[in-house]
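# Chains, contacts and geometry: an overview
Below, each chain spelled out in residue letters.
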Amino acid sequence: MSFVLLPNLQITAHIVGSSDLFAGEADFSDSFEFAENWPNTLDTPDLSPTASFVTADLTEGYEFAENWPNTLDTPDLSPTASFVTADFDDGFEGSDDWPNAFPITYTETVVTSSGDAVDGGTLDQYGYSVDMTPDASIIVATSRFSDDPTTNAGSVTVLKNNGTNWYEEQVLTSSATPTGSWGFGQDLCIAPTGDKIFAGEYSYSGSSGGAGRVSIFTTGSGGWELAQEFTGSGEEFRTYNFGYRVETNQTGEKLFVGYPDYDIPGEGTSQEGTVLIYASGSGGYAVEQTLTSSVLGTLWRFGQGIGNNADGDRLVIGSPRATAGATTTAGVVEFFRSGSGGWELEQLLSSSSPVTADNLGMSATMNEDGTRAAVGAGLYDAVVTNDGAVFVYSSGSGGWSEEQILTSSNTAGDARLGETEIWMNPAGDMIVAGAYFSDNPAAIEGNILIFRSGSAGWYEEQLLSSSVQPTIGGGQLGISFGVSSNGAVIAGGVPAGDTPATNAGHISIFEGP
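Residues numbered from 1 in each chain as written. Predicted model: local features only at pLDDT ≥ 70, side-chain atom pairs only at ≥ 80, totals over all residues. Heavy atoms only, no water.

Taken across its eight residues, strand S30 (residues 447–454) has six buried, putting it largely inside the fold. Alignment of strand S29 (residues 430–435) against S30, held across six bridges, turns out to be antiparallel. Its bridge partner being in S30, Gly-434 is matched across the sheet by Ile-448. Bridge analysis of S30 against strand S31 (residues 457–464) gives seven bridges, and the strand direction is antiparallel. When the sheet's bridge partners are listed, Phe-451 is paired in S31 with Glu-460. (Buried < 20%, exposed > 50% of the residue type's maximum accessible area, 1.4 Å probe, protein only. Helix = DSSP H or I, 4+ residues; strand = E, 2+ residues; numbered from the N terminus. Pairing = 2+ DSSP bridges.)

This paragraph deals with the pattern of salt bridges. Within the structure shown, the criterion is met by 12 salt bridges. Two residues, Glu-346 and Arg-337, come together in a salt bridge whose shortest N-O distance is 3.1 Å. In this structure Glu-346 comes out as partly exposed when scored by relative accessible area, which is 32%. The exposure class assigned to Arg-337 is partly exposed, which follows from its relative accessible area of 39%. Across the pair Asp-414 and Arg-416 runs a salt bridge, and its minimum N-O distance is 3.2 Å. Through salt bridges that share partners, Glu-201, Arg-213 and Glu-229 make up one connected network. (Salt bridge = Lys/Arg side-chain N within 4 Å of Asp/Glu carboxyl O.)

Among the nonpolar cores identified, the biggest contains 17 residues, and Phe-230, Phe-242, Leu-255 and Tyr-278 are the most heavily contacted of them. Within the residue set of this core, elements represented by two or more residues are strand S14 (213–220), strand S17 (254–259) and strand S18 (274–281). Excluding residues within four positions of it along the chain, Tyr-278 makes contact with Phe-230, Phe-242, Glu-253, Lys-254, Leu-255, Val-257, Tyr-285, Ala-286, Val-287 and Glu-288. (Core = buried A, V, L, I, M, F, W, Y, C linked by side-chain atoms within 4.5 Å. Contact = heavy atoms within 4.5 Å.)

A separate point is the pairing of strand S34 (residues 506–511). Counted residue by residue, S34 has five buried out of six residues, so it is predominantly covered. Direction of pairing for strand S5 (residues 107–112) relative to S34: antiparallel, over a ladder of six bridges. Considered in S34, the bridge of Val-111 is made with Ile-507. In the sheet, strand S33 (residues 489–494) pairs with S34 via six bridges, with the strands oriented antiparallel. The residue bridging Val-494 from the neighbouring strand is His-506, located in S34.

Read across the sheet, four strands follow the order S28-S29-S30-S31 without closing on themselves; strand pairing throughout is antiparallel. What marks the edges here is a single partner per strand, and that holds for strand S28 (422–424) and S31. Between one strand axis and the next, the sheet turns by 20 degrees as a mean value, whatever way the strands run. (Axes fitted to C-alpha atoms, helices over the stretch in contact; angles between N-to-C directions.)

Right, let's get into the sheet that holds strand S8 (residues 155–161). Strand order in the open sheet made by the four strands is S6-S7-S8-S9, with antiparallel pairing throughout. The two strands at the open ends of the sheet, each matched to only one other strand, are strand S6 (126–132) and strand S9 (166–173). For this sheet, the mean angle separating the axes of adjacent strands, direction not counted, is 25 degrees.

For the rest of this paragraph, the subject is the packing of aromatic side chains. Taken as a whole and judged by the stated rule, the model has 12 aromatic pairs. Geometrically, the ring pair formed by Phe-184 and Phe-217 is edge-to-face, given 6.1 Å between the ring centres and 80 degrees between the ring planes. Separated by 33 residues along the polypeptide, Phe-184 in the loop between S9 and strand S10 (187–190) and Phe-217 in strand S14 bring together distant segments of the chain. What makes Phe-184 buried here is its relative accessible area of 0%. Centre to centre, the rings of Tyr-259 and Tyr-262 are 5.9 Å apart; their planes meet at 65 degrees, and the pair counts as edge-to-face. Sitting over the face of the ring of Tyr-244, Arg-301 holds its NZ or CZ atom 5.2 Å from the ring centroid. Over the ring of Phe-437 we find Arg-416, and its NZ or CZ is 4.2 Å from the ring centre. (Phe/Tyr/Trp six-rings, centres within 6.5 Å; stacked < 30°, edge-to-face > 60°. Lys NZ or Arg CZ within 6 Å of the ring centre and 35° of its normal.)

Let's shift gears to the environment of His-506. Structurally, His-506 is set in strand S34. According to the relative accessible area criterion, His-506 is buried, its value standing at 0%. Here the alpha-carbon distance between His-506 and Gly-127, two residues 379 residues apart in the chain, equals 5.9 Å. Ignoring anything within four residues of it in the chain, the contact list for His-506 reads Val-110, Val-111, Thr-112, Tyr-126, Gly-127, Ser-466, Val-468, Gly-492, Gly-493, Val-494, Gly-497 and Thr-499. A polar side-chain atom of His-506 sits 3.4 Å from a polar atom in the side chain of Ser-508. (Polar contact = N/O pair within 3.5 Å; in protein donor to acceptor, adjacent residues only side chain to side chain.)

So, about the side chain of Glu-421. Counting through the fold element by element, Glu-421 comes out in the loop between strand S27 (399–406) and S28. Of note is the side chain of Glu-421, whose polar atom sits 2.9 Å from the side chain of Ser-480.

Turning our eyes to something else, we now look at the confidence of the model for the protein. Of all residues in the protein, 74% attain a pLDDT of 70 or more, and the chain-wide mean is 80. For the stretch residues 1–102, pLDDT sits under 50, and the model shows 176 contacts to residues farther than four places along the chain or on other chains. (pLDDT = per-residue confidence, 0-100.)

Before going further, it helps to examine unusual backbone geometry. With phi around 55 degrees, Gln-271 is a residue other than glycine that occupies positive phi space. Assignment of secondary structure puts Gln-271 in the loop between S17 and S18. Among the residues examined, Gln-271 registers a relative accessible area of 22% and is labelled partly exposed. Residue Leu-299 is not a glycine yet carries a positive backbone phi of 65 degrees. Looking at the element boundaries, Leu-299 is found in the loop between strand S19 (284–291) and strand S20 (305–308). Judged by its relative accessible area of 33%, Leu-299 is partly exposed.

Here's what the structure looks like:
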């Protein structure tokens, strides 16, 4: 294609060095129009054939090939190029068919823990579990092995933003004195209303044996206080991991607790798993119903991954080690709906092409109205062994069906995309997934990936990594994270980071458009 340039157009340019990155600022003092022979391949009016850029800054020039969109003269504007920085005063929106061709910049703020008094935070693993309120005003983060009040007891830090900086509001700890590495807060979530924190302590061992525990904190005039706690106990709770996964709905009145190593009495198998549903009432939270899988097997771990809609009346639950058809450990997911008769199974699905050890169902999430879901298969072999994948499911008149399988553009190492954490925005057109074992930029540094849905399907929009790299081992960014409802703020834990001490951990807060 060719350009029709207006007489006074001036362009100044230089190449920034990477064939895949187009950076800089652009300034077109006069507008320009696309030639009439521009192919009509763009979806949005902002880049229609007669669209004009009023002002833009490009510090380097470029040419379009005459037979665009099939070829290009330079690699800087290839169909998969990523614009890292750019400034268009009038702005524009990228076509849904042009996956990465609009300016995206994420700035990173690194937040470290004040550390414990024993060793200054060494081996605390701050950021092992992270969550955020939808308005990005509060972050909660676990220091899994902090020595408060005893060695490796674990703690949860509440962070608030004063408009300029993030600061520690309070540090929460277990109500009991741990007798070992109980890992208080190994999974946690904060109610979207910002007034309740749910902390799992799935290695907790009480006087009646080890089953795990969940603690609920509420905030008031005196700060955050323990309001309620409950443990897995009795004959049916014979093993650890009650509280392995904790999720809540938009009001914080429903609580979903995953107990993937639950032994169902009388089944002849073990560690089939269960999910306990709690509802808030005048006497606090009480069990509303206990869900088990429609398919049972030893170590199938139903409840390892849990996703729910905003109202808390639809669930997607994974059994990552279940047999799918004749394929062992491929994993399955089950969709549940709450009705007048309680919770009922809607549908059971496996991968369209199940493979042994894919482990579909390790993590799960849902959009606001419960019509779309995303499920992690952290050991899926997309390009290399265990690079992982995210399965997207959608609900229609015929029930739930597999929509697309998402994989990472980075295939260095067994990245394990979707193994531990996954998030979907309310509209269901954005997914954030962790690949905490990814070797990018170095061994096991980890990444957070952002996917968007467009007219041509889902595509990878951004791959985030922390600017602070540890000196010993990998940082494991993406093992857990919290995301604002609009997707503009992502707080990712880097639990093996070496700032300020070895494996002290930190949180990388990314802010984007």
